[in-house]
Amino acid sequence: MKATPERLSREHAREILGRMDSVISSAQGRGARDAVVKALNGTIPAYSWVGIYLVQGADLVLDAWAGPAATEHTRIPIGKGVCGFAAKAGRTEIVSDVGKDPRYLECFTSTRAEMVVPILNEGRVIGEIDIDSDQLDAFSSLDRELLEAVARKLAPQCRAP
Ligand code: SME
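Since this is a predicted model, take the numbers as computed values, not measurements. (Residues numbered from 1 in each chain as written. Predicted model: local features only at pLDDT ≥ 70, side-chain atom pairs only at ≥ 80, totals over all residues. Heavy atoms only, no water.)

(A) Local environment of the site of the ligand. Around the ligand, 13 residues are found, and the nearest of them are Val82, Cys83, Leu105, Cys107 and Glu114. Here a nitrogen atom of the ligand and a side-chain polar atom of Glu114 are 2.9 Å apart. A distance of 3.1 Å is found between an oxygen atom of the ligand and a side-chain nitrogen or oxygen belonging to Asp132. When each cavity is represented as a set of grid points, the ligand is found to reside in the largest cavity. Contributing elements (two or more residues each) for the shell around the ligand: strand E1 (49–56), helix H3 (81–89) and strand E6 (124–133). Broken down by element, the shell around the ligand gets its largest block of residues, three residues, from H3. The residue makeup of the shell around the ligand, split by class, is eight nonpolar, two polar and three charged. (Near = heavy atom within 4 Å. Polar contact = N/O pair within 3.5 Å; in protein donor to acceptor, adjacent residues only side chain to side chain. 1 Å grid on protein atoms, 1.4 Å probe; cavity = no way out; pocket = protein on both sides within 12 Å on 5 of 7 lines; lining within 4 Å. Sits in = over half its atoms within 2 Å of the grid points. Helix = DSSP H or I, 4+ residues; strand = E, 2+ residues; numbered from the N terminus. Nonpolar A, V, L, I, M, F, W, Y, C, P; charged D, E, K, R; others polar.)

Here it is as structure tokens:
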């Protein structure tokens, strides 16, 4: 764990967002979602684990992920955990210290911070991007801006299988 988080720079955020259109258009549906989680996990060092959950009925179901290990939380009821809270509220949640948030459902013992960004379709939450970081306080408003923009670009690919 690092004392000073290595936060995303504006230049890096802009460069990643610029690459997202080609990453997303490299495939359709699940393939595009896979490409996005791999690209985010592979290019931003603080993003230790990146997943996409899709809404199925009253649950969030894990769809695509990239990181060192699988999570046991493959189905999360909407309203439960940080993921379920963000889905219910329909807005981005940033937790700077997961150890201090009673909503947090642990996936990895190394996780220190988490950010969850809803994916919306006509104002309705259809999924979300979930990012775990091994750094305390890893996420800033730049990460929020980047991921909310990625979620908007990805939304059409979350309606297809
Ligand atoms: N920590 C999440 C559960 C999902 S894992 O991070 C992959 C939560 O509190 O909802």
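The structure having been displayed, the exposition proceeds.
(B) Broad picture of the environment of Pro68. Of note, Pro68 is situated in the loop between strand E2 (59–66) and strand E3 (75–77). Between the C-alpha atoms of Pro68 and Ser110, which are 42 residues apart in sequence, the distance is 11 Å.

(C) Representation of the packing of aromatic side chains in the model. On inspection of all chains with the given rule, the structure shows three aromatic pairs. A ring pair is formed by Tyr47 and Phe139, whose centres lie 5.8 Å apart and whose planes are at 55°; its orientation type is tilted. You can see Tyr47 sitting in the loop between helix H2 (30–43) and E1 and its partner Phe139 sitting in the loop between E6 and helix H4 (141–154), a full 92 residues away along the chain. Since its relative accessible area comes to 1%, Tyr47 is described here as buried. The buried category is assigned to Phe139, whose relative accessible area is 4%. (Phe/Tyr/Trp six-rings, centres within 6.5 Å; stacked < 30°, edge-to-face > 60°. Buried < 20%, exposed > 50% of the residue type's maximum accessible area, 1.4 Å probe, protein only.)

(D) Just the pairing of strand E5 (residues 113–121), in detail. With eight of nine residues buried, E5 lies mostly within the body of the structure. As defined by bridge partners, strand E4 (residues 93–95) adjoins E5 across three bridges and the pair is classed as antiparallel. Along E5, the bridge assignment pairs Glu93 with Val116. Bridging between E5 and E6 involves nine bridges; their strand directions are antiparallel. In the sheet register, Asn121 faces E6, and the bridge partner there is Arg124. (Pairing = 2+ DSSP bridges.)

(E) Molecular detail of the packing of helix H1 (residues 10–24) against H4. In contact at an axis separation of 10 Å, H1 and H4 are set at 10° when each is read in the N-to-C sense. Regarding the angle of H1 to H4, the classification is roughly parallel. Side by side, H1 and H4 meet where Arg10, Ala13, Ile16, Leu17, Met20, Asp21 and Ile24 of the first sit next to Leu142, Glu145, Leu146, Ala149, Val150, Lys153 and Leu154 of the second. (Axes fitted to C-alpha atoms, helices over the stretch in contact; angles between N-to-C directions. Parallel < 35°, antiparallel > 145°, perpendicular 65-115°, else oblique. Contact = heavy atoms within 4.5 Å.)

These values are about where atoms sit, not about what they do.
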